[in-house]
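Structure assessment
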Amino acid sequence: MANSTTDKAKIVPSETVTLMSVLAPAIGWLVPGAGHLIQKRWIRGLLLFVSIVTLFLLGLAMQGRIYKANGGDILEMLGFIGDVGAGGLYILTLANDWGQGAIAFATADFGTKFMIVAGLLNFIAVADAYHIAIGKKR
Amino acid sequence: MTITLNHFSAALVFSLFASVVFGITHRDTTREMVRYGLYCFAMFLGGVLVAGWAMWILRR
């Protein structure tokens, strides 16, 4: 009789690393939704692209602030982690010196949060692209 | 270009896009994605309205 301990101890076979399982998350991080598009999930990819890019651009247009790599305050570091999730958008913003708005009014703070959330949503989209690539999701 | 959104329209925009991403990434079939996306959208907006009224009551 098998008990629950031996059942849990079963070894799960390791997932094979394919080119797509590396490429899809990487491309998906750089361009939101692209990880789905290269796997021919056209509508999903397009919806993800529109949602994440629009949220990020709205954040910029609302004079939100972009966080840079830092080793200071914990909230600043978390803000950076969120922002960096937007990948190419984050790089583009830094390169053009955008997102330097001083948070002097409430909507600018909303803008800052919009950009962080766009990055975090892109992390979820990247994970989803990876799951599709390894066959865990259709 | 500067855009100024009020609190409710900011919440509406946020809810819409976050729900789209949640729906796509958290479910497997198209039907489930749409249902979950709508559920998230309703929860986001419902949460905003409930929190707003709760704060209005507390302020009195």
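Since we're looking at a predicted model, the values are computed, not measured.

Quick word on the overall build of chain B
- When its secondary structure is counted, chain B shows two helices and zero strands.
- Its C-alpha atoms give chain B a radius of gyration of 14 Å, more than 25% over the compact-globule value 10 Å for 60 residues.
- Considering only C-alpha atoms, chain B reaches an extent of 45 × 35 × 10 Å along its principal axes.

Quick word on the confidence of the model for chain B
- Of the residues in chain B, 100% reach a pLDDT of 70 or more, and the chain-wide mean stands at 95.
- The complex prediction reports pTM at 0.89, with the ipTM value standing at 0.92.

Some thoughts on helix α5 (residues 74–84) of chain A
- What α5 of chain A keeps buried is the set Gly-79, Gly-82, Asp-83 and Val-84 of chain A.
- Against α6 (88–95) and α7 (106–133) of chain A lie the buried residues of α5 of chain A.

Considering the packing of helix α4 (residues 42–61) of chain A against helix α1 (residues 7–26) of chain B
- Running from N to C, α4 of chain A and α1 of chain B cross one another at 150°; their axes reach a closest spacing of 9 Å. In terms of axis orientation, α4 of chain A runs roughly antiparallel to α1 of chain B. Here α4 of chain A and α1 of chain B pass one another in a crossing that is left-handed. Across the interface between the two elements, Arg-44, Leu-47, Leu-48, Ser-51, Ile-52, Thr-54, Leu-55 and Leu-58 of chain A from α4 of chain A touch Val-13, Phe-17, Val-20, Val-21 and Ile-24 of chain B from α1 of chain B.

Description of unusual backbone geometry
All names here are of chain A.
- Even without being glycine, Lys-40 reaches a positive phi, approximately 65°.
- Within the secondary structure, Lys-40 sits in the loop between α3 (34–37) and α4.
- Phi at Asp-97 is positive, roughly 60°, even though this residue is not glycine.
- Within the fold, Asp-97 resides in the loop between α6 and α7.
- Judged by C-beta crowding, with 8 C-beta atoms within 10 Å, Asp-97 ranks as exposed.

Looking at the interface of chain B and chain A
- Taken together, the 15 residues of chain B in the interface contact 21 residues of chain A.
- Looking at side-chain class alone, the side of chain B that touches chain A contains 11 nonpolar, three polar and one charged residues.

Some words on the nonpolar core
- Residues Phe-114 and Ala-118 of chain A together with Val-21 of chain B are the most contacted members of the largest nonpolar core, which totals 41 residues.
- For this core, the element with the most residues is α7 of chain A, which contributes 13 residues.
- Residues within four places of Ala-118 of chain A in sequence aside, it is in contact with Ile-52, Leu-55, Phe-56, Gly-59 and Ala-86 of chain A.

Points about the environment of Ile-3 of chain B
- For Ile-3 of chain B, the location among the structural elements is in the segment before α1.
- Judged by the 16 C-beta atoms lying within 10 Å of it, Ile-3 of chain B is partly exposed.
- Sequence spacing of Ile-3 of chain B and Tyr-39 of chain B is 36 residues, and the spatial spacing of their C-alpha atoms is 28 Å.
- When sequence neighbours within four positions are dropped, the list of residues in contact with Ile-3 of chain B reads Leu-58, Ala-61 and Met-62 of chain A.

Analysis parameters
- Residues numbered from 1 in each chain as written.
- Chains lettered and ligands numbered in written order.
- Predicted model: local features only at pLDDT ≥ 70, side-chain atom pairs only at ≥ 80, totals over all residues.
- Helix = DSSP H or I, 4+ residues; strand = E, 2+ residues; numbered from the N terminus.
- Rg over C-alpha atoms; globule rule 2.2 N^0.38 Å.
- pLDDT = per-residue confidence, 0-100.
- Buried ≥ 20, exposed ≤ 12 C-beta atoms within 10 Å, placed from the backbone.
- Contact = placed C-beta atoms within 7 Å.
- Axes fitted to C-alpha atoms, helices over the stretch in contact; angles between N-to-C directions.
- Parallel < 35°, antiparallel > 145°, perpendicular 65-115°, else oblique.
- Left-handed = near helix turned anticlockwise from the far one by under 90°.
- Nonpolar A, V, L, I, M, F, W, Y, C, P; charged D, E, K, R; others polar.
- Core = buried A, V, L, I, M, F, W, Y, C linked by C-beta atoms within 7 Å.

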